[in-house]
Amino acid sequence: MFDKLLKHLQEKVELTDNDRKRIPMFFEHKKIRKRQFLIQEGDFCKNLTFVSEGIIKSYTLDDKGNEHISLFAWEGWWVSDFRSFICGEKSILSIDAIEDSEVLLISKPNYERLLEEIPVMERYFRILYQNSLVTKDRRLISSNTYSAEEKYKELVSMYPQIPQRVPQHLIASYLGVTPETISRIKKNI
C-alpha cells in the first residue's frame, strides 16, 4: 500500500533505504467508499491525504447546494483543505470519494515530525507546493480566458483518464459549465 507513495516521492527526491523504511510509519492507511467524506465544510482538516487508489474530489457548495469542484485527485495525488490543515481554521472545502479509494493520511504532528526527522521531505514538499501553484495558475488562466471547448480539450489532454473515470456532470462542475455543454463538446470532437 505504500509502494505508490514511495515511488511518487522518489520521482521528486532521492530517498535512502532508511528513509523508505521510516516514511510509512508517519502515515495511516484508510479505505473509503464511494461518496464517503474525508472532510466536510466546517470540519477541521487534520490530515494531508495521499491517494493510493481511486479518485477523490475537493469542492465547495454554493447557497443553492451546487458543487463547485476545485480538484480531482487520483493515484499519486495529494488532497486536503491546506489552509485548514496549516492554520487550524474550519474547512471551507468538502472532500469525498468519487469511487472506492484507498488513501494514506498524515496528521499535522506526524507531518511536522516527518519534515524534522527526514530532511529530504522538506525538499519534496517544497517541490510539491511549487508544482501546485503552477497548476493553480494554469487553472485560473484557463477558467478566465478559455472557451468551454478549450477548457475541456486541455483537461482531457493533460488527464486522458478523466472521461472514463469521472462522471460528466462532475467534469462540468470542475470546468464551470453545464453537463449539456460537455455533451455538445464531446459530440463535436
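Just so it is clear, the model here is predicted, and its values are computed rather than measured.

Asks: Outline the sheet that holds strand 5 (residues 67-74), supporting the account with residue identities and numerical values.
Replies: Sheet architecture is open: four strands sit in the order 2-7-4-5, paired in antiparallel fashion. Edge positions in the sheet fall to strand 2 (37-39) and strand 5, since each has one partner strand and no second. Ignoring which end each strand starts from, the neighbouring axes of this sheet average 25 degrees apart. Packed on one face of the sheet, helix 8 (residues 168-175) meets strand 4 (55-61) and strand 5 and runs near 110 degrees to strand 5.

Asks: For the packing of aromatic side chains, give the residues involved together with the corresponding values.
Replies: According to the stated counting rule, one finds 13 aromatic pairs in the structure shown. When the centroid spacing of 5.1 Å and the interplanar angle of 80 degrees are considered together, the rings of tyrosine 111 and phenylalanine 125 count as edge-to-face. Remark: phenylalanine 125 occurs in helix 5 (residues 120-145) and tyrosine 111 occurs in helix 4 (residues 108-117); sequence separation between them is 14 residues. Each residue in the set Phe27, Phe50, Trp78, Phe82, Phe85, Tyr111, Tyr124, Phe125 and Tyr129 is aromatic and connected to the rest through ring pairs, giving one cluster. Positioned over the ring face of tyrosine 59 is lysine 57, at 5.0 Å from the centre of the ring. Lying across the ring of tyrosine 174, arginine 139 places its NZ or CZ 3.7 Å from the centre.

Asks: Explain the nonpolar core to me, and be specific about the residues and the numbers.
Replies: Generally speaking, nonpolar side chains in soluble globular proteins are found buried as a group. Counting 35 residues, the largest nonpolar core has Leu5, Ile23, Phe27, Ile56, Trp78, Met121 and Phe125 as its most contacted members. Going through the elements one at a time, helix 1 (3-12), strand 3 (47-53), strand 6 (78-79), strand 7 (94-97), strand 8 (101-107), helix 4 and helix 5 are the ones with two or more residues in this core. If one sorts the elements of this core by residue count, helix 5 sits on top with five residues. Counting residues in hydrophobic clusters, the runner-up holds 18 residues, among them Ile69, Phe72, Tyr152 and Ile162.

Asks: How would you sum up the layout of surface pockets? Please name residues and give values.
Replies: Size it by volume and the largest pocket reaches roughly 1000 Å³. Contributing to the lining of the largest pocket are 33 residues, with Leu71, Trp77, Trp78, Ser132 and Lys136 lying nearest its centre. Listing elements by their share of the lining of the largest pocket, those giving two or more residues are helix 1, strand 3, strand 5, strand 6, helix 3 (82-87) and helix 5.

Cut-offs used in this document
- Residues numbered from 1 in each chain as written.
- Predicted model: local features only at pLDDT ≥ 70, side-chain atom pairs only at ≥ 80, totals over all residues.
- Heavy atoms only, no water.
- Pairing = 2+ DSSP bridges.
- Helix = DSSP H or I, 4+ residues; strand = E, 2+ residues; numbered from the N terminus.
- Axes fitted to C-alpha atoms, helices over the stretch in contact; angles between N-to-C directions.
- Contact = heavy atoms within 4.5 Å.
- Phe/Tyr/Trp six-rings, centres within 6.5 Å; stacked < 30°, edge-to-face > 60°.
- Lys NZ or Arg CZ within 6 Å of the ring centre and 35° of its normal.
- Core = buried A, V, L, I, M, F, W, Y, C linked by side-chain atoms within 4.5 Å.
- Buried < 20%, exposed > 50% of the residue type's maximum accessible area, 1.4 Å probe, protein only.
- 1 Å grid on protein atoms, 1.4 Å probe; cavity = no way out; pocket = protein on both sides within 12 Å on 5 of 7 lines; lining within 4 Å.
- Points joined across faces, edges and corners; volume = space filled by probe spheres on them.

None of the figures reported here should be taken as evidence of function without further support.
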